[in-house]
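Observations on the three-dimensional arrangement
If you want the building blocks of each chain, they are given just below.
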Amino acid sequence: MGTQYGAIVHGRRADTDAASTVEARAAEDGRVVALIAVQGNLATPSLESVKGAFARVAQVTDGAAVTLAKAAPPPPYASGVAVVLLFGDVAHVATTGGARCYRERDGVLEELAAGAHDAKSGDAFVAASHASLRVGQAFFTTQLQAASDAEFRNATLDAALQSALAPYSTFVAVAAGHIS
């Protein structure tokens, strides 16, 4: 399966900051990609704490996602962390505070509980700094196409994220992965 990634911050900062990223690294049994979104007074340094914990992941388990979500400093520095670890055909999900993780499958966005979820072709996973995405309907409003260049320089997915977030007035940082 090919996958493309993107991360953006949308909206106007209000009372808290937000940051997001997509990170990849080799793990014991293959490559793992982390979709991470953080909210809080010090979202960017908190995101760096989560990235540091990700650099130490050797095995991908549900526990690894929980460890990453809890790697950020406590509120108010990080008031919410969302982590999706994509590894093979599984997405390991964990959140803290007001952050949330989602999967869009067959044009319907659903919030994901902590744990392991299957990942199949056509799925899109989203780590969001805030619980403001509308479930039960399509999130992506433009067709997602396979990346034509390197997966981490994918202007197509970034544009699709900007389009998907255009109707939202709230401040949110998202990191997403689309499996093609």
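Quick summary incoming for the structure in this document. (Residues numbered from 1 in each chain as written. Predicted model: local features only at pLDDT ≥ 70, side-chain atom pairs only at ≥ 80, totals over all residues. Heavy atoms only, no water.)

It is a general feature of regular strands that their side chains alternate between the two faces of the sheet. Of all the 11 residues making up strand β3 (residues 30-40), 9 are buried; the element is thus mostly covered by neighbouring parts of the structure. Bridge count between strand β2 (residues 17-27) and β3: 11 bridges; the pairing is antiparallel. For A18, the partnering residue across the bridge sits in β3 and is Q39. What sits between β2 and β3 in their antiparallel hairpin is a turn of 2 residues. Pairing of β3 with strand β4 (residues 80-87), which is carried by 7 bridges, proceeds in the antiparallel orientation. Each bridged residue has a counterpart across the sheet, and for A34 the counterpart in β4 is L85. (Buried < 20%, exposed > 50% of the residue type's maximum accessible area, 1.4 Å probe, protein only. Helix = DSSP H or I, 4+ residues; strand = E, 2+ residues; numbered from the N terminus. Pairing = 2+ DSSP bridges.)

Looking at the secondary structure, you find L157 in helix α3 (residues 155-165). You can call L157 buried: its relative accessible area is 0%. Here the alpha-carbon distance between L157 and A138, two residues 19 residues apart in the chain, equals 15 Å. Residues within four places of L157 in sequence aside, it is in contact with Q4, Y5, G6, F140, L144, A176 and H178. (Contact = heavy atoms within 4.5 Å.)

A word on the pairing of strand β1 (residues 3-10). With 6 of 8 residues buried, β1 lies mostly within the body of the structure. As defined by bridge partners, β1 adjoins strand β10 (residues 172-179) across 8 bridges and the pair is classed as antiparallel. Counted as the bridge partner of I8 is V174 from β10.

Looking now at the packing of aromatic side chains. Evaluation of the coordinates by the stated rule reveals 2 aromatic pairs. Both rings, one in F139 and one in F140, keep their centres 5.0 Å apart while their planes meet at 75°; by these two values the pair is edge-to-face. A single burial state applies to F139 and to F140, both of which are buried. An aromatic cluster is built from F139, F140 and Y168, whose rings are joined through pairwise contacts. Above the ring of Y168, the side-chain terminus of R134 is found at 4.3 Å from the ring centroid. (Phe/Tyr/Trp six-rings, centres within 6.5 Å; stacked < 30°, edge-to-face > 60°. Lys NZ or Arg CZ within 6 Å of the ring centre and 35° of its normal.)

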